Amino acid sequence: MPDTLYRASLLHTPQNPFKGGSLEAISDAGIVVQSGKIVAVGDFSSLRTLYPNLESTDLRGGLLLPGLVDAHVHYPQVRVIGALGMTLLDWLELNTLPEEARLSDVSYARGVASAFVRALLMHGTTSAMVFGAHFAGAQAALFEEGAARGLRVVSGQVLSDRLLRPELHQTPTSALEDGRALIQRFHGVGRAQYAVMPRFSLSASEAMLEVCQQLMTETPTARFHTHINENVDEIATVRRLFPWARDYLETYERYDLIGSRSLLAHNLHASTSELERLSAAGSSVAHCPCSNAAIGSGFFGLGRHLQHNVRVALGTDIGGGTGYGVLKEALQAYSLQRLAPDGVTMNAAQMLYLSTLAGAEALGLEGTCGDFTVGKSFDAVWVKPRKGDPLEQVFQHADSLQRMLSAAFALAGSESIAQVWIEGDCVHSRETT
Ligand SMILES: [Zn+2]
């Protein structure tokens, strides 16, 4: 790709605003991108002088944000979004697992993977921790589609050997073989990373959790991703299945699955001890507020996680969630915190951090993306309303970039995402899609 000087109104959060960092905003900014990497950021006029011959791209009239990061999203559930009115275990059995079983057909899986990757990119998501398929062929299809479209995918085959539909179960032996083959083929290839992911300990026997441990030991750079503490009935079942465990977290800890490479979705009903242990381990939690509300799972204790210094990012949890937009997810997090007992009232800087750098940290990509620091990849989203859209009215009349940002959280959908870049490559353009 050609070296470029971008001109835009830029916002990012290179320092965590929950820990004293603040929003960095430059209204007439320049960003110099060479070979996909950011080499300079500052006022446009100064950079124009420093780089007089560089081709420039004018992105004024909107906001340029770091690429959005979805820390928990299920690729096989593209076609079953919007089943409302159920609780978790019914929602799985009646709505979701029958669809996941259809991905045993690789050509069906390819269609789903294609729609999934396209949906993420058009919403401005540039990196995602993707809960994969139970079938190795379908999992390969997701990695292949991600590579073809340039998405940063961290994902893995979903492992289970009990209590789901029998066609979704693997044996520990086949799970180990499939996992090794997928890691060999995709981990660290292009923008893909592998994550070991039992669906949840409810559906994974001790032998299957040992397989997860084995895969994590064999591949020290692999990530770990699963669910925890989402629903009270789920937690009660896990207690019955693991009588030796004092709580849900210990069912993973016993197999050395909780550490700095671990990302756990939900964690709504966590004990103080679990929060302390997650913090000590350096693990991250994916907060999925649209899903939590739609499935009626509960309020997320954001304040408790922050007090215990547990890292938190945002996940859409499609198809339990209600949309692919990470900006919308941040708005839902904000709204539920306004209502939750002991909720934390967030500002736009904190919402932007949760949508970008916090996700990159949870995926182990903080050295690569998440903000516009020099040396990182140019992963970016240009939020620019279409003519006549309500967001355009706010953008034209706002008195600050901060005000425009909070309006983007309130009003921006995929129609507001004009262009998306990953490592300098344009991976989505509204005008040509
Ligand atoms: Zn999930």
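Residues numbered from 1 in each chain as written. Predicted model: local features only at pLDDT ≥ 70, side-chain atom pairs only at ≥ 80, totals over all residues. Heavy atoms only, no water.

**Structural notes on empty space enclosed by the protein**
One simple way to see leftover space: roll a probe sized like a water molecule over the atoms. Within this structure, the stated rule accounts for 3 cavities of 30 Å³ or more. One number sums up the size of the largest cavity: a volume of about 90 Å³. Lining the largest cavity, in full, are His 74, Leu 88, Trp 91, Leu 92, Arg 199, Phe 200, His 227, Glu 230, His 266, Ile 295, Asp 317 and Gly 320. For the lining of the largest cavity, the element with the highest residue contribution is helix 2 (residues 88–101), accounting for 3 residues. (1 Å grid on protein atoms, 1.4 Å probe; cavity = no way out; pocket = protein on both sides within 12 Å on 5 of 7 lines; lining within 4 Å. Points joined across faces, edges and corners; volume = space filled by probe spheres on them. Helix = DSSP H or I, 4+ residues; strand = E, 2+ residues; numbered from the N terminus.)

**Quick look at helix 6 (residues 206–218)**
Relative to the 18 Å expected for 13 residues at 1.5 Å per residue, helix 6 spans 18 Å between its end C-alpha atoms, a close match to the ideal helical length. Here the buried face of helix 6 lies against strand 9 (158–159), helix 5 (172–186), strand 10 (193–198), strand 11 (223–228) and helix 8 (248–253). (Expected span 1.5 Å × (residues − 1). Contact = heavy atoms within 4.5 Å.)

**Some words on the packing of helix 5 against helix 6**
Contact geometry for helix 5 and helix 6: axes closest at 9 Å, N-to-C directions at 25°. Classified by the angle their axes make, helix 5 and helix 6 are roughly parallel. Seen along the crossing, helix 5 lies across helix 6 with a hand that is right-handed. Of the residues in helix 6, those touching helix 5 at Pro 172, Ala 175, Leu 176, Gly 179, Arg 180 and Ile 183 are Ala 207, Met 208, Val 211, Gln 214, Leu 215 and Glu 218. Residues that form the contact of helix 5 with helix 6 fall into these classes: 8 nonpolar, 2 polar and 2 charged. (Axes fitted to C-alpha atoms, helices over the stretch in contact; angles between N-to-C directions. Parallel < 35°, antiparallel > 145°, perpendicular 65-115°, else oblique. Left-handed = near helix turned anticlockwise from the far one by under 90°. Nonpolar A, V, L, I, M, F, W, Y, C, P; charged D, E, K, R; others polar.)

**Digging into the nonpolar core**
Counting 126 residues, the largest nonpolar core has Leu 63, Tyr 75, Phe 116, Tyr 252, Leu 363, Val 383 and Leu 405 as the members making the most contacts within it. When residues in this core are grouped by element, the largest group, 8 residues, is from helix 3 (residues 106–122). No fewer than three residues from each of domain 1 (4–66 + 371–432) and domain 2 (68–362) sit in this core. Setting aside residues up to four positions removed in sequence, Tyr 252 forms contacts with Pro 198, Phe 200, Ser 201, Leu 209, Phe 224, Thr 226, His 227, Ile 228, Leu 257, Ile 258 and Leu 264. The next biggest cluster of nonpolar side chains, apart from the first, holds 15 residues, and it includes Tyr 6, Leu 64, Trp 382 and Trp 421. (Core = buried A, V, L, I, M, F, W, Y, C linked by side-chain atoms within 4.5 Å. Buried < 20%, exposed > 50% of the residue type's maximum accessible area, 1.4 Å probe, protein only. Domains from an automatic or database assignment.)

**Some points on the coordination of the zinc ion**
Working reference: metal with six octahedral donors, ideal angles 90 or 180 degrees; metal with four tetrahedral donors, ideal angle 109.5 degrees. Here the zinc ion is held by the protein donor atoms His 72 (NE2), His 74 (NE2), His 227 (NE2) and Asp 317 (OD), which lie 2.1 to 2.4 Å from it. Every donor counted, the 4 donor atoms about the zinc ion form angles of 87 to 174° at the centre, which fits irregular coordination. Written as a sequence motif, the donor arrangement for the zinc ion is H-x1-H-x152-H-x89-D. Classification of His 72 by relative accessible area gives buried; the value is 0%. (Donors = N, O, S within 2.8 Å, 3.2 Å for Na, K, Ca; no water. Tetrahedral: all angles 85-135°; square planar, octahedral: opposite > 155°, others 65-115°.)

**As for the domain arrangement of the protein chain**
Per the domain assignment, the segments of the protein chain are domain 1 (4–66 + 371–432) and domain 2 (68–362). One C-alpha centre belongs to domain 1, the other to domain 2, and the line joining them spans 29 Å. The partner domain 2 presents 28 residues to the 31 residues of domain 1 that form the contact. Summing the contributions of domain 1 and of domain 2, the shared interface buries around 2,500 Å²; its carbon and sulfur component is 68%. Of all residues in domain 1, Phe 18, Phe 409 and Ile 422 give up the largest surface area on contact with domain 2, accounting jointly for 31% of the area buried on that side. Arg 152 serves as the salt-bridge partner of Asp 379, at 2.8 Å between the closest nitrogen and oxygen. (Buried area = accessible area lost by both parts, 1.4 Å probe. Salt bridge = Lys/Arg side-chain N within 4 Å of Asp/Glu carboxyl O.)

**Considerations on the packing of aromatic side chains**
Working definition: an aromatic ring pair is given by the centre-to-centre distance plus the angle between the planes. Applying the stated criterion across every chain yields a total of 12 aromatic pairs. Ring plane angle 55° and centroid distance 5.9 Å describe the contact between Tyr 75 and Phe 116, whose orientation is recorded as tilted. Of this pair, Tyr 75 sits in the loop between strand 6 (68–74) and helix 2 while Phe 116 sits in helix 3; the two residues are 41 residues apart in sequence, bridging distant segments of the chain. The class for Tyr 75 is buried, based on a relative accessible area of 0%. Judged by relative accessible area, which is 0%, Phe 116 ranks as buried. (Phe/Tyr/Trp six-rings, centres within 6.5 Å; stacked < 30°, edge-to-face > 60°.)

**As for the pairing of strand 3 (residues 37–43)**
Strand direction decides the pairing type here: strand 2 (residues 24–34) and strand 3, joined by 6 bridges, are antiparallel. Each residue of the ladder has a partner; that of Val 33, found in strand 3, is Ile 38. Between strand 2 and strand 3, which follow one another and run antiparallel, lie 2 residues, and Ser 35 among them has a positive phi close to 50°. (Pairing = 2+ DSSP bridges.)

**Remarks on the pattern of salt bridges**
Overall, the coordinates contain 19 salt bridges when judged by the stated rule. Salt-bridge contacts for Glu 167 lead to Arg 165; the nearest nitrogen and oxygen are separated by 3.1 Å. Taking the relative accessible area as the measure of exposure, Arg 165 reaches 30% and is therefore partly exposed. Here Glu 250 ties to Arg 246 by a salt bridge, and the two come within 3.4 Å at their closest N and O atoms. You can call Glu 250 buried: its relative accessible area is 15%. Here the salt bridges share partners, and the residues they tie into one network are Lys 37, Arg 152, Arg 191, Asp 379, Glu 423 and Asp 425.

**Brief notes about the packing of helix 3 against helix 4 (residues 136–149)**
In the contact formed by helix 3 and helix 4, the axes pass within 9 Å of each other and the chain directions differ by 40°. Put simply, helix 3 runs oblique to helix 4. Helix 3 and helix 4 meet at a crossing whose hand is right-handed. Residues Val 106, Ala 109, Arg 110, Ala 113, Ser 114, Phe 116, Val 117, Arg 118 and Leu 121 of helix 3 pack against Gly 137, Ala 138, Ala 141, Leu 142, Glu 144, Glu 145, Gly 146 and Arg 149 of helix 4. Taken together, the residues of the contact of helix 3 with helix 4 sort by class into 9 nonpolar, 3 polar and 5 charged.

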